[in-house]
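These are the residues of each chain, in order.
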Amino acid sequence: MIVLIPAYEPDERMRELVDALDTNGFQTVVVDDGSGAAYSPHFAEAARRGATVLRQPRNEGKARALRHGLAYIAERWPGEDVVTADSDGQHRPSDIAAVAAATVGSDALVLGGRSFTGEVPVRSRLGNAVSRWLFRLSGGAVHDTQTGLRGIPAALITDVVAVSGERFAWEMNVLLDFTRRGIPIREVPIETVYLDHNASSHFRPLRDSLDVLRPLLRYVLVSFGSFLLDVALLQLLYAVTGDLLLSAVGARVLSAAVNFTLNRSFVFRDGSSGGVRRQLGRYAALALALLAGGYASMALFVAWGVPVLWAKLLADAAVYTCGFLAQRGYVFRRGEGRRTLGSVEKRVDTAKRA
């Protein structure tokens, strides 16, 4: 098992962590994310204590440091599982060992999930609560979406490296991508540790929070906009024709066309490389199924005396989650099959040239 530690301007706690991991029999890889000459002694000490140290010439963010390290590990130690951990001492060696044990023989991404009990900085508690709620809206069910302690089975390293995104937002993108593609995610409880009120964190509250939440906000925004358009069209067509079925079909066809275009180009763009005809066919089949279910529910509500607007709201609320999950996991899923190791090795070569 290999432990990968991205580090930017570390202190003596990184040395203590490397020592503890070496004692427990882990091979450690540390990525210096452009910390500068002043921090070279910390990395030299880590190397002296047995860690493999990789260097990036300038600070490029946590995402690139992790992708660099994972690509290197996949080339140097093919078939080895990896645990990623932070350098600031907030991940205890015992928790790293627990995540490592859960990763061995697993086909799931393993997260070290904190419970956020005790003294937790307000920005950390609030940030995790908001991202957890929005992640659930996207179909996920992870308690700690921002944990940096993650176990990655060897078979999933190429999938992780291939996920797009920068800095802290990339870790959320991995969860979104895996959830959308049906790759299992498992959580292992770990201790909640914040040293000096998380003063060592390089997380920028406003900018990085927006980066983390942006993918989720895109999902919610497009879905809600399409829903409002569908409601408005239904009301308009029903006022003109007085025919509930014709109005429901017409509104859904027009709003679905807008929804498909935005989902393909804006929301699920990582999965937009597939053939548009295939995706359109899948989307049409899904739309028909949802239309049938939604119309049946709406007609039932109207027959019970519920006004058309409220019947529409109730019916769409029932099918919203099913529709979103189907789009994410079926219509706009990423390329068929996993990427080859060659794509990872290419990333290693690129990182080395940099």
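Residues numbered from 1 in each chain as written. Predicted model: local features only at pLDDT ≥ 70, side-chain atom pairs only at ≥ 80, totals over all residues. Heavy atoms only, no water.

## Some thoughts on the overall build of the protein
On a plain count of helices and strands, the protein comes out with 12 helices and 7 strands. Classification of the 354 residues of the protein by burial places 48% in the buried group. Counting only contacts in the protein whose residues sit at least 6 apart along the sequence, the fraction spanning at least 24 positions is 77%. Carbon and sulfur atoms make up 59% of the accessible area of the protein, which amounts to about 16,300 Å² in all. (Helix = DSSP H or I, 4+ residues; strand = E, 2+ residues; numbered from the N terminus. Buried < 20%, exposed > 50% of the residue type's maximum accessible area, 1.4 Å probe, protein only. Contact = heavy atoms within 4.5 Å. Areas by Shrake-Rupley, 256 points an atom, 1.4 Å probe, with all protein chains shown as cover.)

## Section: the packing of aromatic side chains
Scanning the entire structure with this criterion turns up 4 aromatic pairs. Here the aromatic rings of Tyr72 and Trp77 are separated by 6.0 Å at their centres, their planes lie at 80 degrees, and the arrangement is edge-to-face. In this pair, the class of Tyr72 matches that of Trp77, namely buried. Centre to centre, the rings of Phe301 and Trp304 are 6.0 Å apart; their planes meet at 70 degrees, and the pair counts as edge-to-face. (Phe/Tyr/Trp six-rings, centres within 6.5 Å; stacked < 30°, edge-to-face > 60°.)

## Details of the pattern of salt bridges
Counted according to the given criterion, the structure contains 13 salt bridges. Residues Glu60 and Arg58 are paired through a salt bridge, measuring 3.4 Å at the closest nitrogen-oxygen approach. Close ionic contact of Glu191 with Arg92 constitutes a salt bridge, the shortest N to O distance being 4.0 Å. On the criterion of sequence distance, the pair formed by Glu191 in the loop between strand 7 (185-190) and helix 8 (205-241) and Arg92 in the loop between strand 4 (82-84) and helix 4 (93-103) is long-range, its members being 99 residues apart. Overall, the relative accessible area of 45% leaves Glu191 in the partly exposed class. Exposure remark for Arg92: the relative accessible area of 31% places this residue in the partly exposed category. (Salt bridge = Lys/Arg side-chain N within 4 Å of Asp/Glu carboxyl O.)

## Some thoughts on the side chain of Glu60
Here Glu60 is to be found in the loop between strand 3 (52-56) and helix 3 (62-76). Not counting the four nearest positions on each side in its chain, Glu60 is found in contact with Asp33, Glu166 and Arg167.

## A few points about the nonpolar core
Within the largest apolar cluster, 31 residues are counted, with the highest numbers of intra-cluster contacts made by Leu4, Leu70, Ile73 and Trp170. Breaking this core down by element, the ones donating at least two residues are strand 1 (2-7), strand 2 (27-33), helix 3, strand 5 (109-114), helix 6 (157-162) and helix 7 (169-181). A per-element tally of this core places helix 3 first, with 7 residues. In this structure, Ala7, Val83, Val110 and Ile190 belong to the second largest nonpolar core, which totals 23 residues. (Core = buried A, V, L, I, M, F, W, Y, C linked by side-chain atoms within 4.5 Å.)

## Side note on the environment of Gly148
As for its position among the elements, Gly148 is in the loop between helix 5 (122-137) and strand 6 (150-152). Look at Gly148 and you get buried, because its relative accessible area is 4%. Between the alpha carbons of Gly148 and Lys62 there is a distance of 9.9 Å; along the sequence they are 86 residues apart. Setting aside residues up to four positions removed in sequence, Gly148 forms contacts with Lys62, Thr84, Ala85, Asp86, His91 and Glu171.

## A closer look at the pairing of strand 3
Along strand 3, 4 of the 5 residues are buried, which leaves the element largely enclosed by surrounding structure. Across 5 bridges, strand 2 lies against strand 3 in parallel orientation. Note that in strand 3 the partner of Asp33 across the bridge is Gln56. (Pairing = 2+ DSSP bridges.)

## Topic: a nonpolar patch on the surface
A grouping of Leu221, Leu229, Val258, Leu262 and Phe266 is seen on the molecular surface, where their side chains present a nonpolar patch of about 380 Å² in accessible area. Of all the secondary-structure elements, those providing two or more residues to the nonpolar patch are helix 8 and helix 9 (244-267). For Leu262, the location among the structural elements is in helix 9. Accessibility expressed as a relative area gives 35% for Leu262, which makes it partly exposed. (Patch = residues over 30% accessible without salt bridge, like charges linked within 9 Å, V, L, I, M, F, W, Y side chains within 5 Å.)

## Some remarks on the confidence of the model for the protein
In low-pLDDT regions, the fine details of the predicted coordinates are not to be read closely. Across the protein, the average pLDDT comes to 80, with 76% of residues at 70 or higher. Per-element confidence in the protein is highest for strand 4, whose mean pLDDT is 98, and lowest for helix 12 (residues 341-353), whose mean pLDDT is 47. Every residue in residues 350-354 scores below 50 in pLDDT, and together they form 3 contacts with partners more than four places removed in sequence or on other chains. (pLDDT = per-residue confidence, 0-100.)

## A word on the sheet that holds strand 3
As a general point, the strands of a sheet are linked pairwise by backbone hydrogen bonds and lie either parallel or antiparallel. Reading across the sheet, the 7 strands line up as 3-2-1-4-6-5-7 and stay open at both edges, with mixed pairing between neighbours. Strands with a single pairing partner mark the edges of an open sheet, and in this sheet they are strand 3 and strand 7. Within the sheet, the average angular offset between the axes of one strand and its neighbour, ignoring direction, is 20 degrees. Of the strands in this sheet, strand 1, strand 2 and strand 3 touch helix 2 (residues 40-48), which is tilted by about 150 degrees from strand 3. (Axes fitted to C-alpha atoms, helices over the stretch in contact; angles between N-to-C directions.)

## Observations concerning helix 10 (residues 276-303)
In this model helix 10 runs 39 Å from its N-terminal to its C-terminal C-alpha over 28 residues, within 8% of the 40 Å that 1.5 Å per residue would give. Among the residues making up helix 10, those that are buried are Gln279, Arg282, Tyr283, Leu286, Ala287, Leu290, Leu291, Gly294, Met298 and Phe301. Looking one or two residues past helix 10, Gly305 carries a phi angle of roughly 95 degrees, positive in sign. (Expected span 1.5 Å × (residues − 1).)

## Comments concerning the pairing of strand 1
Burial analysis of strand 1 places 6 of its 6 residues in the buried class, the great majority of the element. The alternating pattern of strand 1 places Ile2, Leu4 and Pro6 on one face and Val3, Ile5 and Ala7 on the opposite face, and all of these are buried. As paired strands, strand 1 and strand 2 are joined by 6 bridges and run parallel to one another. The residue bridging Ile5 from the neighbouring strand is Val30, located in strand 2. Since strand 1 and strand 2 lie parallel, the crossover through helix 1 (residues 12-23) that links them has a hand, and here it is right-handed. Strand direction decides the pairing type here: strand 1 and strand 4, joined by 3 bridges, are parallel. (Right-handed = clockwise from strand over helix to strand, strands pointing away.)

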